[in-house]
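# Residue-level structure breakdown
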There are 2 protein chains.
Amino acid sequence: MAECITSRENSKIKYACKLAQSAAFRLEEQAFFAEGLKLCEELAKTCPLKVIYYTQKALDKAPQLAQLACDQYLVQDHVAEKLAGMPSHQGVFAVFGYPKVEFSQLPAGGRFLALDRVQDPGNVGALIRSAAAFGYDGVVLGPGCADPYSPKVLRASMGAVGQIPVVSCPNLPDALRQLHSMGCECLAAALYNSQPLDAVWIPPEKGLCLAIGSEGQGLSQAVIDVCQRAVRIPITPRVESLNASVAGSVLLWHFRGEMKGCNSL
Amino acid sequence: MAECITSRENSKIKYACKLAQSAAFRLEEQAFFAEGLKLCEELAKTCPLKVIYYTQKALDKAPQLAQLACDQYLVQDHVAEKLAGMPSHQGVFAVFGYPKVEFSQLPAGGRFLALDRVQDPGNVGALIRSAAAFGYDGVVLGPGCADPYSPKVLRASMGAVGQIPVVSCPNLPDALRQLHSMGCECLAAALYNSQPLDAVWIPPEKGLCLAIGSEGQGLSQAVIDVCQRAVRIPITPRVESLNASVAGSVLLWHFRGEMKGCNSL
């Protein structure tokens, strides 16, 4: 039987809330907080589950939660509301340790996505999800990107952050140079001085890294400069641009390699 | 010199707020409300501009607003806050008439996007934007979709709703049958009993209609049944699904026809 937490001021609740709110604290603890039954179950497949919190109602609906190998706490509704930060929630919350991934472990000659100053959590999450879906080998985040372990990114990625290595790099041009030396062609997504997508093809056995900037600013010049070539998605003059996660995902789809074990068969 | 509105209870302000909030009222008035300088200027290219409201600060930044051929009102900051529904805003708001588009005017043998119960305004907006970007001839919305003239859809579409015919249909299977009789092959985006995208190709001179359902529910069976075939985007087993606007946009990109006047040259 799980211990019941009845106070919003309980230290374990405060710890979880701090993980939800502070990127610095997540980094220090190498741990993050997630909300929602489906998301937590998805993340538990690949990330070390440390603590799970649930309401009685949520446990009644999903009794399998009691079988998870981790610390368990039953929380009263008003405590669950504090964890959720809002009155509506599913009553399931968890703390996970960071998955163990390092830049040096990325496979030579793989297919990668690099994000440059993509601040919008919805875009970062959707792009991680697309990269995992299309069989990429990793996602490299430069400075200025939304934290992949923030609640909003976790939600938008639908837990994909546990399914593909995601690494943060202090210097994105340096990271791209290194990937290039490991056999990747680096492609910058850029509107100007670029080739239309239809004209660019990289054979599936070759490595590549696709660099994508934010919707407003695009890629920084330093990132464009280290890339071997630049590509753009041709669009009609009826619109100025595409949604950032849409544009990135169309590029990811175009440059997908062999998608092993995928549902195309 | 524009008349100045100093009261939040002014009838012209109440009218604009009602347009922002009520889909039924928009339909009755055949008019909608938009916020933001860029969005309003974009929409003014194609939709009949009826009234513009701005703060003095916004007018100082964008004096070209005073040249627009429509009713103009200067609004005090507290009135602008009411129009925006929040304290942060750009101080530019407008009321437009609906663009004149009817199902019967859609070109025979064109390329169309049909949405079935896509409720999320961000997804509806992003998909309208992608359809316009990739040169489609129209978007058909079935019952249960977010209203294309709601403030959230307008924002997500970045004004593309004025750049491509968007028509709402009371019965989506009927609309698809009619498009088929007008020379379109109807394609259902469906995970099961479908062909992988790579295996399906429609020559650019042929008409088609791509039907897409919501992220949670997918297409209704009645819509799948009237389609000539079903397609899916192959994904690895690492994720269950793609973001809805991402999936729809990858399909729109794959099935784009000739994109006239596009920036690929």
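Chain A appears in an unreviewed UniProt entry as RNA methyltransferase from Candidatus Allofournierella pullistercoris. UniProt's Sequence similarities (unreviewed entry) comment on chain A is quoted here verbatim: "Belongs to the class IV-like SAM-binding methyltransferase superfamily. RNA methyltransferase TrmH family."

### Looking at the overall build of chain A
When helices and strands are counted, chain A shows 10 helices and 12 strands. Computed over the C-alpha atoms, the radius of gyration of chain A is 20 Å, within 12% of the 18 Å expected from 2.2 N^0.38 for a compact globule of 265 residues. Counting only C-alpha atoms, chain A reaches 60 × 35 × 35 Å along its principal axes. Counting across all 265 residues of chain A, residues that qualify as buried make up 55%. Considering only residue pairs separated by 6 or more positions, chain A has 77% of its internal contacts joining residues 24 or more positions apart. Distance between charge centroids for chain A: 2 Å, based on 24 positive and 24 negative side chains.

### Digging into the packing of aromatic side chains
Counting across every chain of the model gives 16 aromatic pairs over all chains. Members of the aromatic cluster, each reached through a chain of ring pairs, are Phe32(A), Phe96(A), Tyr98(A) and Tyr149(A). Between Lys18(B) and the ring centre of Phe25(B), over which it is positioned, the NZ or CZ distance is 4.3 Å. When the ring centre of Trp253(B) is taken as reference, the NZ or CZ atom of Arg256(B) above it lies at 3.5 Å.

### So, the side chain of His254(B)
Residues and elements named next belong to chain B. By the secondary structure assignment, His254 is in helix α10 (residues 244–254). A distance of 3.2 Å separates a polar side-chain atom of His254 from the backbone oxygen of Leu197. In terms of polar contacts, His254 uses its side chain to reach the backbone carbonyl oxygen of Val200, at 2.8 Å. Residues in contact with His254, not counting those within four places in the same chain, are Leu197, Val200 and Trp201.

Parameters at a glance
- Residues numbered from 1 in each chain as written.
- Chains lettered and ligands numbered in written order.
- Predicted model: local features only at pLDDT ≥ 70, side-chain atom pairs only at ≥ 80, totals over all residues.
- Heavy atoms only, no water.
- UniProt positions renumbered as here; feature names shortened; annotations may be inferred.
- Helix = DSSP H or I, 4+ residues; strand = E, 2+ residues; numbered from the N terminus.
- Rg over C-alpha atoms; globule rule 2.2 N^0.38 Å.
- Buried < 20%, exposed > 50% of the residue type's maximum accessible area, 1.4 Å probe, protein only.
- Contact = heavy atoms within 4.5 Å.
- Lys, Arg positive; Asp, Glu negative; His and termini not counted.
- Charge placed at Lys NZ, Arg CZ, Asp CG, Glu CD.
- Phe/Tyr/Trp six-rings, centres within 6.5 Å; stacked < 30°, edge-to-face > 60°.
- Lys NZ or Arg CZ within 6 Å of the ring centre and 35° of its normal.
- Polar contact = N/O pair within 3.5 Å; in protein donor to acceptor, adjacent residues only side chain to side chain.

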